[in-house]
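Listed below are the residues making up each chain.
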Amino acid sequence: QYGIFIVFSIICLILSFISPQFLTVSNWTIIITQVSINALLAFGVTFVIITGGIDLSLGSIVAVAGVSAAMLAHPDSYPVLVPVFAGLFAGLLIGALNGFIITKSKIAPFIVTLGTMTIGRGLALILSNGRPVSNLSDSFVFIGSGKIMGIPVLILILIFMFILCSVILNKTILGRYIYAVGGNEQAARASGINVTQVKMAVYSISGLLAGLAGILLTSRITTGQPNAGAGFELDAIAAVVIGGTSTTGGKGSMAGTLIGVLLIGVINNSLDLLNVTSYYQQVVMGVIIIGAVVLDSMNQKSNS
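A brief report on the enclosed structure follows. (Residues numbered from 1 in each chain as written. Predicted model: local features only at pLDDT ≥ 70, side-chain atom pairs only at ≥ 80, totals over all residues. Heavy atoms only, no water.)

Within the largest apolar cluster, 84 residues are counted, with the highest numbers of intra-cluster contacts made by Phe8, Phe43, Phe47 and Leu216. Here this core gets 14 residues from one element, more than from any other, and that element is helix α2 (residues 25-50). (Core = buried A, V, L, I, M, F, W, Y, C linked by side-chain atoms within 4.5 Å. Buried < 20%, exposed > 50% of the residue type's maximum accessible area, 1.4 Å probe, protein only. Helix = DSSP H or I, 4+ residues; strand = E, 2+ residues; numbered from the N terminus.)

Written out as structure tokens, the structure reads:
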């Protein structure tokens, strides 16, 4: 249960000896800021994976939400809340669409979200005419690059969303239903749980958080890129799996997901500090992902 925390602590301890820069406040600020977008995506897809589903449309939702927000975030156009709500609504809409199709058609989530991933990417290109949307207002750019009392806004949003998602998963009826559906869907349905509503909720939450990630990414890079978010869904799912969430559903935690996200960030950061080429970073991450899935499979067999 605590294996990922132990591994993370050991890796951080080793890296602190290898690189004196690793434990500095400035370096950790960089790490957390860099992983904040992936963390939001990972928080959302944690809900989905615990129910036994998957969401491959996250990266495309990031692009659609980012472009939608950027189109309304020009100076002297609308108050900053308008583009923010536009991005969130775009993410929520696609997430709800995923949940609706999955629950009504009984098609595998992998296929449905693969389709919406392609649709979303096309929508982002259509909305932007295939070109980046620039000239964003200072108030909008502040969301992704500003600081409050010396703390980056991205980090403050990350902390708030982690607490909120943890409360939803651990302290609410919806959270208990999510675990129940992932543990045994038929038993959950027999006990009176509305499985359709639960699945609609988790895919909507995943889409909403992906929309927020798209807004923050657009604000940070100061342009709405229709090609943004490519491959982000794989990094998010990797963080969730590394964090101990079972790929078969019924088990997982936001704390584990956060550690998984930080572990990915720490590994990438440390390899950069050690001047290791980015090609090796992909190999290392692949090995870690496979190892996490193998350990999860072994753990399930031993428990059964």
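A few words now on a nonpolar patch on the surface. On the surface, Ile6, Ile10, Ile14, Ile18 and Leu274 cluster together into a nonpolar patch covering about 440 Å² of accessible area. On the secondary structure map, Ile18 appears in helix α1 (residues 3-18). (Patch = residues over 30% accessible without salt bridge, like charges linked within 9 Å, V, L, I, M, F, W, Y side chains within 5 Å. Areas by Shrake-Rupley, 256 points an atom, 1.4 Å probe, with all protein chains shown as cover. Salt bridge = Lys/Arg side-chain N within 4 Å of Asp/Glu carboxyl O.)

The N-to-C vectors of α2 and helix α7 (residues 153-171) enclose an angle of 25 degrees; their axes lie 9 Å apart at closest approach. When the interaxial angle is binned, α2 and α7 end up roughly parallel. The crossing of α2 and α7 is left-handed. Of the residues in α7, those touching α2 at Thr29, Ile32, Thr33, Ser36, Ile37, Ala39, Leu40, Phe43, Phe47 and Ile50 are Leu154, Ile155, Leu158, Met161, Phe162, Cys165, Ile168 and Leu169. Counted by class, the contact of α2 with α7 contains 15 nonpolar, three polar and no charged residues. (Axes fitted to C-alpha atoms, helices over the stretch in contact; angles between N-to-C directions. Parallel < 35°, antiparallel > 145°, perpendicular 65-115°, else oblique. Left-handed = near helix turned anticlockwise from the far one by under 90°. Contact = heavy atoms within 4.5 Å. Nonpolar A, V, L, I, M, F, W, Y, C, P; charged D, E, K, R; others polar.)

On to the environment of Val64, then. Structurally, Val64 is set in helix α3 (residues 58-71). Of the residues examined, Val64 reaches a relative accessible area of 5% and is grouped as buried. Taking C-alpha positions, Val64 is 8.9 Å from Gly122, a pair spaced 58 residues apart along the chain.

Honestly, it's all geometry; don't read function into it.
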